[in-house]
Amino acid sequence: MSQVSIAERFAALHRPGAPLILYNAWDAGSARAIAKAGARAIATGSWSLAAAQGYADGQEIPLEFALQILARIAASVDLPVTFDFETGYAETKVNLATNTERVIAAGAVGVNFEDRRIGGTGLLPAEEQADRIATLRHAAEATGVPLFINARTDVFFQGSKPLDHPALMGEALDRARIYASAGANGLFVPGLVTPELIGTLCAETLLPVNIMQTGKAPDNVTLAGLSVARISHGPMPWITAMDGVTEAAKAALANDG
């Protein structure tokens, strides 16, 4: 199957009310294990991919290294792969376009692309982020691959509490509209966990909505009923796996020395 066909297949998996569930991987081995469990697609998570190699989150892992891992994942599973691109590892639009082409060349058919300032505070202005999303879209079009751009907004993910979230809905909806006009295919809202607000967001944006499940969001059945189109797990699979390794190691080392 061509990369174009795989990209089209991945986009078609985003159906409000029948969400695509992504249990995030960090390397080829974890991707294969997740595929074996019946996953319909593979997503990387920036936090876990970096942590697995001893780096902090926030584009600390060199892009070249991250792309090598991405390429190994894409070559190891017969599933669509979406890459957590953070803020694109670039400030200029020229470099952002080049990096987008490299992500596609490594085998990805989707990306998460966020609007927070890595290394700074707060979010980029919506119009500036929209311009960057448009850069990704144009770069992808030049390759011929219909890249699924999952526009992440950290409106609800900046240390705010759920009680603060109703007041942030206006900004989230404005960003959703602006990002959609720039070429985004989906809207990722980590931190949003209140059912009523999730339902409102799904109803009032044209973009398929992605909720992150960290144990605080509603369960999958409830999210489906709210018209969520995608559920991802962020760093939780990595944390769960490493907790398991630690406990197994403790048992194995109990009588050491």
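The rules behind the values
- Residues numbered from 1 in each chain as written.
- Predicted model: local features only at pLDDT ≥ 70, side-chain atom pairs only at ≥ 80, totals over all residues.
- Heavy atoms only, no water.
- Helix = DSSP H or I, 4+ residues; strand = E, 2+ residues; numbered from the N terminus.
- Rg over C-alpha atoms; globule rule 2.2 N^0.38 Å.
- Buried < 20%, exposed > 50% of the residue type's maximum accessible area, 1.4 Å probe, protein only.
- Areas by Shrake-Rupley, 256 points an atom, 1.4 Å probe, with all protein chains shown as cover.
- Lys, Arg positive; Asp, Glu negative; His and termini not counted.
- Charge placed at Lys NZ, Arg CZ, Asp CG, Glu CD.
- Axes fitted to C-alpha atoms, helices over the stretch in contact; angles between N-to-C directions.
- Parallel < 35°, antiparallel > 145°, perpendicular 65-115°, else oblique.
- Left-handed = near helix turned anticlockwise from the far one by under 90°.
- Contact = heavy atoms within 4.5 Å.
- Nonpolar A, V, L, I, M, F, W, Y, C, P; charged D, E, K, R; others polar.
- Pairing = 2+ DSSP bridges.
- Right-handed = clockwise from strand over helix to strand, strands pointing away.

- The name recorded for the protein in an unreviewed UniProt entry is Isocitrate lyase/phosphoenolpyruvate mutase family protein, from Ruegeria sp. PrR005.

Points about the overall build of the protein
Argument step 1. Summing up its helical and strand segments, the protein has 10 helices and 8 strands in all.
Argument step 2. In terms of C-alpha radius of gyration, the protein reaches 18 Å, essentially the compact-globule figure of 18 Å for 257 residues.
Argument step 3. Overall, the protein is about 60 × 40 × 35 Å in size when its C-alpha atoms are taken along their principal axes.
Argument step 4. Each of the 257 residues in the protein was classed as buried or not, and the buried ones make up 51%.
Argument step 5. Accessible area for the protein stands at about 11,500 Å²; split by element, carbon and sulfur atoms hold 54% of it.
Argument step 6. Across the protein, the centroid of the 19 positively charged side chains sits 4 Å from that of the 26 negatively charged ones.

A look at the packing of helix α6 (residues 126-143) against helix α7 (residues 169-182)
Argument step 1. Interhelical geometry of α6 versus α7 gives an angle of 30° and a closest axis separation of 8 Å. With respect to α7, the axis of α6 lies roughly parallel. α7 is crossed by α6, and the crossing has right-handed handedness. On α7, the residues that touch A126, E127, Q129, A130, I133, A134 and R137 of α6 are R175, I178, Y179 and A182.
Argument step 2. Looking at the contact of α6 with α7 residue by residue, the class counts come to 7 nonpolar, 1 polar and 3 charged.

A look at the environment of S76
Argument step 1. Within the element layout of this structure, S76 appears in helix α4 (residues 63-76).
Argument step 2. Sequence separation of S76 and A249 is 173 residues, and the distance between their C-alpha atoms is 28 Å.
Argument step 3. Here S76 is in contact with A28 and R32, once residues within four sequence places are set aside.

Here we look at the sheet that holds strand β3 (residues 81-84)
Argument step 1. Overall, parallel pairing links the 8 strands, which are arranged β1-β8-β7-β6-β5-β4-β3-β2 in an open sheet. Two strands in the sheet have a free side with no partner beyond their single neighbour: β1 (20-22) and β2 (42-43).
Argument step 2. As defined by bridge partners, strand β6 (residues 186-188) adjoins strand β7 (residues 209-212) across 2 bridges and the pair is classed as parallel. For F188, the partnering residue across the bridge sits in β7 and is N210.
Argument step 3. Running over the sheet, helix α1 (residues 3-12) touches β1, β3, β4 (110-114), β5 (148-152) and β8 (230-232) and is turned about 45° from β5.
Argument step 4. Contacts from α6 reach β4 and β5 within the one sheet, and its direction differs from that of β4 by about 160°.

Side note on the pairing of β7
Argument step 1. Neither face of β7 is left uncovered, since the one carrying V209 and I211 and the one carrying N210 and M212 both have all their residues buried.
Argument step 2. The handedness of the β6 to β7 crossover, carried by helix α8 (residues 195-204), is right-handed.
Argument step 3. As defined by bridge partners, β7 adjoins β8 across 3 bridges and the pair is classed as parallel. Looking at the pairing, M212 lines up with S232 of β8.
Argument step 4. Assessed by its sense of winding, the connection that carries the chain from β7 through helix α9 (residues 220-225) to β8 is right-handed.

Looking at the environment of V103
Argument step 1. In this structure, V103 sits in helix α5 (residues 93-105).
Argument step 2. Take V103: its relative accessible area is 1%, and that puts it in the buried class.
Argument step 3. Sequence spacing of V103 and D27 is 76 residues, and the spatial spacing of their C-alpha atoms is 15 Å.
Argument step 4. Those residues in contact with V103 that lie beyond four places of it in its chain are L67, L70, F83, F85, A108 and V111.

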